[in-house]
Amino acid sequence: MTALKSLEQEFPLLDINFQSFCASHSILTIADFLTHDLHSLAAAAESQPASLRLKEGISQVLSIVDTLHQPWLDGLELLQDAMDNKRVLSTGIAAVDSFLHGGLRVGQLTELAGPSSSGKTQLCLRLASSVAKMDRGSVVYVDTGNSFSSRRIHHFLCENGGPPSKQDDTGIVQRVMSRILRHSVFDINLLFNVLHQLEFILGSQECMEGCKVQLLIVDSVSSLITPILGGGSSQGYSLMASLGVLLKKLAHEHDIAILVTNHMVGGERGNPKPALGESWKSIPHVRLLLSCDYETNTCNISTLKHPSLAAGRSASFVID
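Read on for a plain summary of the structure. All figures in this text were calculated on a predicted structure; none of them were measured in a lab.

**Here's the deal with the overall build of the protein chain**
Moving on, step 1. Scanning the protein chain from N- to C-terminus turns up 13 helices and 12 strands.
Moving on, step 2. The buried share among the 320 residues of the protein chain stands at 44%.
Moving on, step 3. Partitioning the intrachain contacts of the protein chain with sequence separation of at least 6 by distance along the chain shows that 66% fall at a separation of at least 24.
Moving on, step 4. When the accessible surface of the protein chain is totalled, it reaches about 16,400 Å², and 52% of it is carbon and sulfur.

This is how it looks when you write it as structure tokens:
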């Protein structure tokens, strides 16, 4: 995944101004161009003072893509690739697994958005306990709001056919909790530090049974990004784009599933929508919306964006 910054010396058109323009559209690497609408990017360049140079830079990147990118795959090859790389992690909730065709897809970044008290953290904890118990791997849990609860993990492990004895109970809980690595993170810079440490570990770890990281959870990503946005500066959006690229890189290159949570803000006509704006919504591979009926304690999950499911599909479930 070649970074644009690394190409500046060889290709002067890809200077700091071009890099900043691209970063504002969540493009930091050559690979990002392959998933971006280049027509809209060129249209955006037209409105910039240095539009001609920016469009020349876009043409330069396309030339580099032709040189570096692997041959294009046809539809059958893409379908076969999807079938060969369809490993999923169970959420521990049968209705959600069925809705997502098995669970969270490995190699993808999934966003779970919803209002306060809609069950986002409970679903994260349920997922963490399920993966740590059933998938023989570890979970990195980034907690940005002191919402992680070992008691809830214990509850999830012991319900529905839990261990028959106190000794078994203690053994399972200790084993699962030892596989969930919690980090308390309260600012965006510390999150980058944690992710770069994880990247190093993932790149050097031996895939011994029971130790390989299978899942990364960031609950919540919006609480760290929101404070750096606004104020008329593009720096916050550049950091947000960089974070999105890093998360997708970790998922793809190291074959892990990543789940981040997002809160809701007011949208058009007062209708709530996920926070972080238009620049963020193109970043996750999957975007899910969660709501809760407090009277019946029933949660509803629906698709906002999914590579293989229609937008608007929904399912109901209960987290005890």
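**A few points about the nonpolar core**
Note that soluble globular proteins tend to have their nonpolar side chains buried in a common cluster.
Moving on, step 1. In this structure, Val139, Tyr141, Ile180, Leu215, Ile217, Ile301 and Phe317 are the most contacted members of the largest nonpolar core, which totals 38 residues.
Moving on, step 2. With 7 residues, helix H7 (residues 120-134) is the single largest residue contributor to this core.
Moving on, step 3. Leu191, Ile225, Met240 and Ile283 belong to the second largest nonpolar core, which has 30 residues in total.

**Observations regarding the pattern of salt bridges**
Moving on, step 1. All chains considered together, the criterion is met by 7 salt bridges.
Moving on, step 2. With a shortest N-O distance of 2.7 Å, Lys55 and Glu46 are connected by a salt bridge.
Moving on, step 3. A salt bridge links Lys281 to Glu278; its shortest N-O distance comes to 3.0 Å. Here Lys281 pairs with Glu278, and both are found in helix H13 (residues 277-281), just 3 residues apart, close to one helical turn.
Moving on, step 4. A relative accessible area of 38% means that Lys281 is categorised as partly exposed.

**Quick look at the layout of surface pockets**
Moving on, step 1. If you add up the space inside the second largest pocket, you get close to 470 Å³.
Moving on, step 2. Lining the second largest pocket are 19 residues, and of these Ala3, Lys5, Gln19, Leu28 and Ser242 sit closest to its centre.
Moving on, step 3. Elements represented by at least two residues in the lining of the second largest pocket include exactly helix H1 (16-23), helix H10 (188-204) and helix H12 (235-254).
Moving on, step 4. Counting residues per element, the lining of the second largest pocket draws most heavily on H12, at 5 residues.

**Quick word on the sheet that holds strand E3 (residues 109-113)**
Moving on, step 1. Across the sheet, which stays open at both edges, the 8 strands sit in the order E5-E4-E6-E7-E3-E10-E11-E12 with mixed pairing between neighbours. Across the chains shown, the open sheet's two edge strands, defined by having one partner strand only, are strand E5 (180-184) and strand E12 (314-317). Averaged over all pairs of adjacent strands, the angle between their axes in this sheet comes to 20°, without regard to strand direction.
Moving on, step 2. Of the strand pairs in this sheet, strand E11 (residues 298-305) and E12 are connected by 4 bridges, and their pairing is antiparallel. Paired with Cys299 across the strands is Phe317, a residue of E12.
Moving on, step 3. Lying on the sheet, H10 is in contact with strand E4 (138-143), E5 and strand E6 (213-219); it crosses E6 at an angle near 175°.

Thresholds, definitions, all that
Residues numbered from 1 in each chain as written. Predicted model: local features only at pLDDT ≥ 70, side-chain atom pairs only at ≥ 80, totals over all residues. Heavy atoms only, no water. Helix = DSSP H or I, 4+ residues; strand = E, 2+ residues; numbered from the N terminus. Buried < 20%, exposed > 50% of the residue type's maximum accessible area, 1.4 Å probe, protein only. Contact = heavy atoms within 4.5 Å. Areas by Shrake-Rupley, 256 points an atom, 1.4 Å probe, with all protein chains shown as cover. Core = buried A, V, L, I, M, F, W, Y, C linked by side-chain atoms within 4.5 Å. Salt bridge = Lys/Arg side-chain N within 4 Å of Asp/Glu carboxyl O. 1 Å grid on protein atoms, 1.4 Å probe; cavity = no way out; pocket = protein on both sides within 12 Å on 5 of 7 lines; lining within 4 Å. Points joined across faces, edges and corners; volume = space filled by probe spheres on them. Pairing = 2+ DSSP bridges. Axes fitted to C-alpha atoms, helices over the stretch in contact; angles between N-to-C directions.

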